[in-house]
Amino acid sequence: MKDGQKQTDLSRIEIFEGAREFISEATGLGFQCIIVSDSHPKYVNTIVKEYFGNVSALSLADKPNTLNTLNFLRSQNIEILDSNCYVLGDSWLDIELGRGLRVPTVLTAFYEAKNLEIRDGIGDYVKNIKSGSTYYAESYDDILNILRNPLQNLLCLEAGCRGAVSYLARKPRPDDFLQDKSLTAHRILARQSQGECDKYDIREKYFEFSRTNRSTELLFTLRDSVIAYIDRILEDRSFLWHIFTYVPDKRTTQPANKMGELFDLIVELVGQRTASWDCRSIFEWNERVNSSTRRQLSAEDRRRFVRNNLILQEGVNVNGQNVIIIDDNYTTGATAEIVAEKLRARGAKNVLFIALFHLITPVYSSKLCPKCSKRLQVKINRQNGNKFYSCVLPRYKGDGCGYTENIV
Ligand SMILES: [Zn+2]
């Protein structure tokens, strides 16, 4: 409980400009707004009554646990599965609540927090983004646009998998401008969830992409979605890019040429759009490398692994060049950092690292393990794509007993 232990002084509470107008606009679209707060009713109800009239509100919600919210919705006769429901909020607690409810989420960033709050994480950009919201909004108008056009506002790969077109990517961390004004930017084009998530998450596509029997259809969908984003880059004249490349596959990677095959498909279309990009492989893995970045547990281990094993080929001249590099997944950004470091060491200027799938935080199910009563997590079988509940073992970063149950 953050607020409400003391008497609430309304004169010290500011509401966001446009908040009330937003609620009436959303109501006009057919939505019912509900306030879900971890604070005490003395605080929540006082504010709601003063500013929002008859909007219903849940206090002491205990986010991201879903139990109180589900009970509250039930008491209001709202069946979440039959509703077109969204969770909006400015912290990972809200986003993980929404994922636990399996509804789309909007992370709002209307202001910059002055202090970093440990519990709420407001202001902790990376942590909030990593919680994996469906959408990201900087204003009430952005939210209304999302509510009106849910498919076109998805991340570009997620939209592509739904037959829609979007050019939206997300920053997994703020852009980094160096002293000489050159830029390192990271972008992600879809979410790869762990545990519960909304219907737009495409983690099963990531697993299919990583299987030897992946479909050509999937590769074409990925290609077309990446191209929608690349078209956006080409339109933006503030940066002119010279080299387009990718993080190559190791000799032992299955499917062989996992990323290379997709890169070649994308390059065909890039070639129809611009002749000024030099599209080719410029990195290679150390021949003796026999592990994968994914197996390195900490970000520091991954940095060391990539630094020692990924080689910018001899004789490739990147001096003064702006480089775009594409990779299939993004966990902490360690690969992206080292790739940029290696390019810079050889004189490259701006570096844009684009990852297809962002591994977002695990969200546990509300279902409990019948053996040890810990919360279960929804997992996916890498080989066949089937979903199952897992009581996650410590060796997979859980604290459970290893019980599993298929989801039918
Ligand atoms: Zn268990």
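So, how was this worked out
- Residues numbered from 1 in each chain as written.
- Predicted model: local features only at pLDDT ≥ 70, side-chain atom pairs only at ≥ 80, totals over all residues.
- Heavy atoms only, no water.
- Donors = N, O, S within 2.8 Å, 3.2 Å for Na, K, Ca; no water.
- Tetrahedral: all angles 85-135°; square planar, octahedral: opposite > 155°, others 65-115°.
- Helix = DSSP H or I, 4+ residues; strand = E, 2+ residues; numbered from the N terminus.
- Buried < 20%, exposed > 50% of the residue type's maximum accessible area, 1.4 Å probe, protein only.
- Axes fitted to C-alpha atoms, helices over the stretch in contact; angles between N-to-C directions.
- Parallel < 35°, antiparallel > 145°, perpendicular 65-115°, else oblique.
- Left-handed = near helix turned anticlockwise from the far one by under 90°.
- Contact = heavy atoms within 4.5 Å.
- Nonpolar A, V, L, I, M, F, W, Y, C, P; charged D, E, K, R; others polar.
- Pairing = 2+ DSSP bridges.
- Salt bridge = Lys/Arg side-chain N within 4 Å of Asp/Glu carboxyl O.
- Polar contact = N/O pair within 3.5 Å; in protein donor to acceptor, adjacent residues only side chain to side chain.
- Phe/Tyr/Trp six-rings, centres within 6.5 Å; stacked < 30°, edge-to-face > 60°.

Novice: It is not clear to me how the coordination of the zinc ion should be interpreted in this structure. Could you clarify?
Specialist: Six octahedral donors around a metal ideally subtend angles of 90 or 180 degrees, whereas four tetrahedral donors ideally subtend 109.5 degrees. Taken together, Cys369 (SG), Cys372 (SG), Cys391 (SG) and Cys401 (SG) make up the protein donors of the zinc ion, found 2.2 to 2.3 Å from the metal. For the zinc ion, the four donor atoms in the first shell make angles of 99 to 116 degrees at the metal, so the coordination geometry reads as tetrahedral. Each donor residue of the zinc ion lies on the same chain, and together they follow the pattern C-x2-C-x18-C-x9-C. Taken as a pair, Cys372 in the loop between strand 14 (351–363) and strand 15 (377–380) and Cys391 in the loop between strand 16 (387–390) and strand 17 (404–406) lie far apart in primary sequence, 19 residues in all. A relative accessible area of 30% places Cys372 in the partly exposed class. Assessed through its relative accessible area of 1%, Cys391 is described here as buried.

Novice: Mind showing me how you'd approach the packing of helix 9 (residues 216–235) against helix 10 (residues 258–273) here?
Specialist: The axes of two packed helices give the description: the angle between them and the distance between them. Across the interface, helix 9 lies against helix 10 with an axial gap of 9 Å and an inter-helix angle of 40 degrees. When the axes of helix 9 and helix 10 are compared, the pair comes out oblique. The chirality of how helix 9 crosses helix 10 is right-handed. Only Glu261, Leu262, Leu265, Ile266, Leu269, Val270 and Arg273 of helix 10 make contact with helix 9, whose side of the interface consists of Leu219, Phe220, Leu222, Arg223, Asp224, Val226, Ile227, Ile230, Asp231 and Leu234. Of the residues assigned to the contact of helix 9 with helix 10, the class counts are 12 nonpolar, no polar and five charged.

Novice: Before we go on, may I ask you to explain the sheet that holds strand 15 in this structure?
Specialist: Spatially, three strands are ordered 15-16-17 in an open sheet, and the strand pairing comes out antiparallel. Lying at the two open borders of the sheet, with one neighbouring strand each, are strand 15 and strand 17. With direction set aside, neighbouring strand axes in the sheet form an average angle of 35 degrees. Examined bridge by bridge, strand 16 and strand 17 share three bridges and lie antiparallel to one another. Bridged to Phe388 within strand 17 is Asn406.

Novice: Explanation requested: the pattern of salt bridges in the structure shown.
Specialist: As a working rule, side chains carrying opposite charge can pair if their charged atoms are close by. Taken as a whole and assessed by the stated rule, the structure comprises 19 salt bridges. Notably, a salt bridge pairs Glu261 with Arg214, separated by 2.8 Å at the nearest N-O pair. Of the two residues, Glu261 is situated in helix 10 and Arg214 in the loop between helix 8 (203–209) and helix 9; the sequence distance between them amounts to 47 residues. Glu405 is the salt-bridge partner of Lys367, the closest N and O atoms lying 3.4 Å from each other. Here the residue Lys367 occupies a position in the loop between strand 14 and strand 15, and Glu405 occupies one in strand 17, the gap between them amounting to 38 residues.

Novice: Where do I start with the pairing of strand 8 (residues 191–195) in this structure?
Specialist: Along a regular strand, successive side chains alternate from one face of the sheet to the other. Strand 8 sits mainly inside the fold: four of its five residues count as buried. Pairing between strand 8 and strand 14: four bridges, direction parallel. The partner of Gly195 across the bridge, within strand 14, is Val363.

Novice: Honestly, helix 4 (residues 92–100) in this entry has me stumped. Any pointers?
Specialist: In an α-helix, one turn spans 3.6 residues; hence positions three or four apart end up facing the same way. Of all nine residues that make up helix 4, eight are buried, and the element is covered over most of its length. The complete set of buried residues in helix 4 reads Trp92, Leu93, Asp94, Ile95, Glu96, Leu97, Gly98 and Arg99. For helix 4, the capping residue at the N-terminal end is Ser91, with a side-chain oxygen 3.0 Å from the backbone nitrogen of Leu93. At the exit of helix 4 stands Arg102, carrying a positive phi of roughly 60 degrees.

Novice: It is not clear to me how the sheet that holds strand 3 (residues 87–89) should be interpreted in this structure. Could you clarify?
Specialist: Strand pairs in the sheet, formed through backbone hydrogen bonds, run parallel or antiparallel to each other. Ordered by their spatial adjacency, three strands build an open sheet running 3-4-5, and the pairing between neighbours is parallel. Because the sheet does not close on itself, it has two edges, and the strands there are strand 3 and strand 5 (135–137). Within this sheet the neighbouring strands show an average axis-to-axis angle of 20 degrees, counted without direction. Sheet analysis places strand 4 (residues 105–108) next to strand 5, joined by three bridges and oriented parallel.

Novice: Looking at this structure, I do not really get the packing of aromatic side chains. What am I missing?
Specialist: Two aromatic rings, taken as a pair, are described by how far apart their centres are and by the angle between their planes. Taken as a whole and judged by the stated rule, the model has 14 aromatic pairs. Consider the rings of Phe110 and Tyr140, whose centres lie 4.7 Å apart with planes at 75 degrees: the pair is edge-to-face. Residue Phe110 is located in the loop between strand 4 and helix 5 (125–130), and its partner Tyr140 is located in helix 6 (residues 140–148); the two are separated by 30 residues in the primary sequence. A relative accessible area of 24% means that Phe110 is categorised as partly exposed. Where Tyr206 meets Phe207, the ring centres are 5.7 Å apart and the plane angle is 65 degrees; that geometry is what we call edge-to-face.

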